[in-house]
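Chains, contacts and geometry: an overview
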Amino acid sequence: MSKCEQCIVRQFSSLKALTKDELIKMADCKTSYTIKKGEPIFEEGETVNGVYCVKEGVCKMTKLSDNGKDQIVKLAKSGELLGQRSMISDEAANLSAIALEDMQVCFIPKSEIMGFFNQNNQFSMNMMKTICGDLKDADDHMVDMAQKNVKQRLAETLIYLEENFGINEDKTLKLQLSREELAGIIGTATESCIRLLSEFNKSGIIELAGKKIILKDKAKLKRV
């Protein structure tokens, strides 16, 4: 069993405020899982009795809309905690978390987290700040959806994917999303997303290498 105090990813979340004793306590009660690409960590409407810490990999946080399509609300990567809001509000999960690649996650039960929450002021402050940050991002996302057109949202998303998840040696975006997933982020039909990508490709802003995408002219993309 891996020791929590030796785990680098805890430095990226509220867990960085925990003391050595608390980390040892956490290591004793956590469960580690391997989640395969395409599998859910948890699903919308499920009761999540604790939080998941993403050790490796990326997942999409999705909400099922009335028309049966998945709207992607957020992409969560290594170091992030999942399920903290529903755990604190005592509600079922508002979103589903689905692995976009093979993942390593650790589950920490609610009883343990709430113990830290009550005893460690810095930890509870950190967690509140994270939740506030998520709410701010959700507000920004809502305004983007209302005020920016699909083309602008696609350009913004492609830049976001490069800046947050990096590129491979061949310059392609490291996080490879399907056309359907890209459409799910920008809130449009898959066909429209494909059409816009080929438009960007024709004008030399991006290059399509099979399913992969290379950002050729980031300055132009930012102007869009």
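Starting from 1, residues in each chain are numbered consecutively following that chain's sequence as written. Per-residue local features are limited, in this predicted model, to residues with pLDDT of at least 70; the limit for side-chain atom pairs, both in listing and counting, is 80 or more; totals at the level of whole chains, interfaces and linings are taken over all residues. Processing note: side-chain calculations cover all non-hydrogen atoms of the structure and skip hydrogens and water entirely.

1. Re helix α7 (residues 190–202)
Given a rise of 1.5 Å per residue, 13 residues ought to cover 18 Å, and the 18 Å separating the end C-alpha atoms of α7 matches this to within 8%. T190, S192, C193, L196, L197 and F200 are the residues of α7 that are buried. End-on view of α7: buried residues confined to an arc of 160°, all on one side of the axis. Exposed residues lying more than 90 degrees from the buried face of α7 are E191, R195 and K202. Helix and strand definitions here come from DSSP, where helices need a minimum of 4 consecutive H or I residues and strands a minimum of 2 consecutive E residues; each element is numbered from the N-terminal end. Given the number of residues in a helix, its expected span is that number minus one, multiplied by 1.5 Å. Exposed residues in this analysis have more than 50% of their type's maximum accessible area, buried residues have under 20%, and partly exposed residues fall in between, with area computed by a 1.4 Å probe over protein chains only. As used here, the arc belongs to the directions running from the helix axis to the C-beta atoms.

2. Side note on the packing of aromatic side chains
Geometry of aromatic contacts follows a simple scheme: Phe, Tyr and Trp rings, the Trp one being its six-membered ring, pair when their centres are within 6.5 Å, and the pair is stacked under 30 degrees between planes, edge-to-face over 60, tilted otherwise. Inspection of the entire model under this criterion finds four aromatic pairs. Each ring, one from F116 and one from F123, has its centre 6.1 Å from the other, and the planes form 85°; the classification is edge-to-face. The pair F116 / F123 is uniform in exposure class, with both members buried. Among the aromatic residues, those joined into a ring-pair cluster are F42, Y52 and F107.

3. Some remarks on the pattern of salt bridges
The salt bridge definition used is simple: a Lys or Arg side-chain nitrogen within 4 Å of an Asp or Glu carboxyl oxygen. Scanning the model with the defined rule gives 15 salt bridges in all. Close ionic contact of K25 with E112 constitutes a salt bridge, the shortest N to O distance being 3.8 Å. A residue pair is termed long-range when its members are at least 10 positions apart, and K25 in helix α1 (residues 20–29) and E112 in helix α3 (residues 110–119) qualify at 87 residues. Linking D90 and K110 is a salt bridge whose minimum nitrogen-to-oxygen distance equals 2.7 Å. With D90 in the loop between α2 (84–89) and β7 (96–99) and K110 in helix α3, the pair connects residues that are 20 residues apart, well separated along the chain.

4. Overview of the UniProt feature "domain: HTH crp-type" (unreviewed entry) in the chain
Feature annotation in UniProt assigns "domain: HTH crp-type" (unreviewed entry) to the following positions: residues 148–219. End C-alpha atoms of residues 148–219 are separated by 18 Å, and the span's content is 54% helix alongside 11% strand. UniProt positions are given in the numbering used here, feature names are shortened, and annotations may be inferred rather than shown by experiment.

5. Structural notes on the UniProt feature "domain: Cyclic nucleotide-binding" (unreviewed entry) in the chain
UniProt annotation of "domain: Cyclic nucleotide-binding" (unreviewed entry) refers to residues 14–110 when read in the numbering used here. The span residues 14–110 is 18% helix and 42% strand, and its two end C-alpha atoms sit 15 Å from each other.

6. Side note on the sheet that holds strand β4 (residues 59–64)
Here we have four strands laid out as an open sheet, ordered β2-β7-β4-β5, and antiparallel in their pairing. Both edges of this open sheet fall to β2 (40–42) and β5 (70–76), since each of them pairs with a single strand only. Neighbour-to-neighbour, the strand axes of the sheet open up by a mean angle of 35°, direction not taken into account. A pair of strands is treated as paired once DSSP finds two or more bridges between them. As defined by bridge partners, β4 adjoins β5 across six bridges and the pair is classed as antiparallel. Pairing of C59 across the sheet is with A76, part of β5. Against the sheet, helix α6 (residues 179–186) engages β4 and β5, with an angle of about 90° to β5. Whenever a helix is involved, its axis is fitted only over the stretch in contact; in every case the axis is a line through C-alpha atoms, and angles between N-to-C directions fall within 0 to 180 degrees. Only heavy atoms matter for contacts: two residues are in contact if any of them lie within 4.5 Å across the pair.

7. Re the layout of surface pockets
Cavity and pocket criteria rest on a 1 Å grid covering protein atoms alone: a 1.4 Å probe that fits but cannot get out defines a cavity, protein on both sides within 12 Å along at least 5 of 7 lines defines an open pocket, and an atom within 4 Å of a point defines a lining residue. Grid points are joined across faces, edges and corners, and a volume is the space filled by probe spheres set on the points. Estimated volume of the largest pocket: approximately 1,200 Å³. Considering the residues around the largest pocket, the lining is formed by 39 residues, among which V73, K74, D134, D137 and A138 are closest to the centre. At the level of elements, β4, β5, β6 (81–82), α2, α4 (121–147), α5 (150–165) and α6 are the ones that each hand at least two residues to the lining of the largest pocket. Per-element accounting of the lining of the largest pocket gives the leading share, ten residues, to α4. Class assignment for the residues of the lining of the largest pocket results in 18 nonpolar, nine polar and twelve charged. In this model, the second largest pocket occupies a volume close to 270 Å³. If you trace the second largest pocket, you find 15 residues lining it, with K69, D70, Q71, E180 and G184 closest to the centre. Every element with two or more residues in the lining of the second largest pocket is listed here: β5 and α6. A per-element tally of the lining of the second largest pocket places α6 first, with four residues. Residue composition of the lining of the second largest pocket, grouped by class: three nonpolar, seven polar and five charged. In this classification, Asp, Glu, Lys and Arg are treated as charged, Ala, Val, Leu, Ile, Met, Phe, Trp, Tyr, Cys and Pro as nonpolar, and every other residue, Gly included, as polar.

8. Examining the pairing of strand β10 (residues 212–215)
The pairing of strand β9 (residues 206–209) with β10 spans four bridges and is antiparallel. Across the sheet, the residue bridging to A209 is K212, located in β10. What sits between the antiparallel neighbours β9 and β10 is a turn of two residues, in which G210 has the positive phi angle 65°.

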